[in-house]
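A closer look at the structure
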Amino acid sequence: MKLQLNGAPIEVQVTTLADLLDAEGFGGAKVATAVNGAFVPATARAGQQLSDGDSVEVLAPMQGG
Amino acid sequence: MRDFYGTELSNGLMLGTAQYPSPAVLADAFKRSGASVATVSLRRESGQDRAGQDFWQLIRDLGVHVLPNTAGCHSVKEAVSTAHMAREVFATKWIKLEVIGEEDTLQPDVFGLVEAARILTEDGFQVFPYTTEDLVVADKLLQAGCEVLMPWGAPIGSGLGLNNIFGLRAMRAHFPDVPLVIDAGLGLPSQAAAAMELGFDAILLNTAVAKAGDPALMAQAFATAISAGQMAHAADPMEPRDMAAPSTPVIGKAFLE
């Protein structure tokens with residue numbers, strides 16, 4: 001499946017958002033997620049099916065003013 | 001000091017966490033100043049570097065209140081989604097709501113700001129809106145459910161100070177019971193003291209500290225100035241007058257001509 005992860009194209013074999021996070025090194029990390037611009041809570045990641053062409057954002061705490 | 005959504009702060013300094021030379025300097029700035037709130041953001045994380053995880057541990061170790069922002073958001077949808085993501089990650093209802101309307105000044109889009117504030121307060125957020133000193137906009141934000149207002153002093157990162165003293169003084173007078181925070185644009189501690197003397201409740205700044213030659217010392221200087229300004233306001237300053245008035249008693253002066 002081809003996806004956009006944080007703006008970069010990737011090709012992975014996963015079915016859910018939770019699977020994608022594990023596959024891409026985010027296991028156990030403090031992150032927030034969105035799919036196609038819509039926030040997906042942590043509790044909904046395992047049930048969030050991904051489709052070819054989806055755009056996924058994975059955000060973490062960062063410096064800010 | 002007025003409370004912020006029921007939270008009393010130990011001092012009136014809210015300090016940003018961006019642009020410091022190193023994490024150690026950032027931590028020292030908080031330690032030296034006693035800043036009570038740290039502003040933070042959300043940005044894309046790398047599964048390899050996981051840089052955000054170390055940063056989050058650093059912030060947690062500061063032991064201060066965390067105020068996530070929606071910096072860089074230009075639309076209501078973007079700001080609302082970012083706020084939801086921040087609430088989950090930082091486990092706080094607080095959100096520093098920024099909806100940017102113009103790139104040169106980073107002036108807030110006050111129309112989008114009011115709409116986003118209404119959506120977020122209805123969803124249980126405690127919104128700290130980055131706004132202008134416009135009284136009508138301020139009133140709309142209060143009607144939308146905001147219990148704190150954060151007018152700019154000057155454009156973000158400019159260091160120009162309090163660009164519109166008249167407008168800020170009018171805002172303080174018009175909303176005597178609303179916690180007001182000067183957010184952005186300050187460059188020097190004297191400007192922070194001036195804002196507190198006007199009766200503002202706190203100062204939010206970042207660049208003036210982070211870009212100083214000695215950020216920790218500058219953070220301490222701001223904290224001291226904020227405290228001085230706050231005391232001066234509480235002490236009820238004298239009214240200025242145009243003509244001189246001798247302070248030394250005239251009666252009893254020797255005749256020596």
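Residues numbered from 1 in each chain as written. Chains lettered and ligands numbered in written order. Predicted model: local features only at pLDDT ≥ 70, side-chain atom pairs only at ≥ 80, totals over all residues. Heavy atoms only, no water.

Focus on the overall build of chain A
Using the following cut-off: Helix numbers and strand numbers start at the N terminus; a helix is a DSSP run of H or I with at least 4 residues, a strand a run of E with at least 2. Atoms counted for the radius of gyration: C-alpha only. Globule rule: 2.2 Å times residue count to the power 0.38. The cut-offs for exposure are 20% and 50% of the maximum accessible area for each residue type, with area from a 1.4 Å probe on protein chains only; residues under the lower value are buried, those over the upper are exposed, and the others partly exposed. Residues are treated as being in contact if the distance between any of their heavy atoms lies within 4.5 Å.
Secondary structure assignment for chain A yields 1 helix and 5 strands. In sequence order, chain A lays out its α and β elements as β-β-α-β-β-β. Relative to the globule expectation of 11 Å for 65 residues, the C-alpha radius of gyration of chain A, 11 Å, shows essentially globular dimensions. The buried share among the 65 residues of chain A stands at 43%. Summarising the internal contacts of chain A: among those between residues at least 6 apart in sequence, 54% fall at separations of at least 24.

Some remarks on the nonpolar core
Burial of nonpolar side chains together is a common tendency in soluble globular proteins. The line we're drawing: We call a set of buried residues a nonpolar core when its members are Ala, Val, Leu, Ile, Met, Phe, Trp, Tyr or Cys and they connect through side-chain atoms within 4.5 Å of each other.
Phe4(B), Met14(B), Leu15(B), Leu97(B), Val127(B), Phe128(B) and Ile203(B) are the most contacted members of the largest nonpolar core, which has 78 residues in total. What Leu97(B) contacts, discounting residues up to four positions off in sequence, is Thr70(B), Ala79(B), Leu113(B), Ala116(B), Ala117(B), Leu120(B), Val127(B), Phe128(B), Pro129(B) and Tyr130(B). Within the second largest apolar cluster, 17 residues are counted, among which are Ile10(A), Val14(A), Ala29(A) and Val56(A).

Here's the deal with unusual backbone geometry
The phi angle at Asn36(A) is positive, at roughly 55 degrees, despite the residue not being glycine. In this structure, Asn36(A) sits in the loop between β3 (32–35) and β4 (38–40). By relative accessible area, Asn36(A) is classed as partly exposed at 47%. With phi around 75 degrees, Gln19(B) is a residue other than glycine that occupies positive phi space. Tracing the backbone shows Gln19(B) in the loop between β1 (13–16) and α1 (23–33).

Re helix α2 (residues 51–62) of chain B
Short version of the rule: The span one expects for a helix is its residue count, reduced by one, times 1.5 Å. Note: the arc covers the axis-to-C-beta directions of the helix.
Given a rise of 1.5 Å per residue, 12 residues ought to cover 16 Å, and the 18 Å separating the end C-alpha atoms of α2(B) matches this to within 8%. Looking only at α2(B), the buried set comprises Gly52(B), Gln53(B), Phe55(B), Trp56(B) and Ile59(B). Each buried residue of α2(B) lies within a common arc of 160 degrees when the element is viewed along its axis, so the set occupies one face. Exposed residues on α2(B) whose side chains face more than 90 degrees from its buried face are Asp54(B) and Asp61(B). Looking at the buried side of α2(B), the elements it contacts are β5 (55–63) of chain A together with α1, β2 (37–44), β3 (65–68) and α3 (76–90) of chain B. Once α2(B) finishes, Gly63(B) follows within two positions and takes phi at roughly 70 degrees, a positive value.

Quick word on the UniProt feature "active site" (unreviewed entry) in chain B
For clarity, the threshold we go by: UniProt positions are given in the numbering used here, feature names are shortened, and annotations may be inferred rather than shown by experiment. In the analysis that follows, any N or O atom pair within 3.5 Å is treated as a polar contact, provided that within protein one partner can donate a hydrogen and the other can accept it, and provided that, for residues neighboring in sequence, both atoms belong to side chains.
Per the UniProt record, "active site" (unreviewed entry) is annotated on Lys96(B). When sequence neighbours within four positions are dropped, the list of residues in contact with Lys96(B) reads Gly65(A), Leu67(B), Pro68(B), Asn69(B), Thr70(B), Phe128(B), Met150(B), Asp183(B) and Leu204(B). Reaching out from Lys96(B), the side chain makes a polar contact with the side chain of Glu98(B) at a distance of 3.2 Å.

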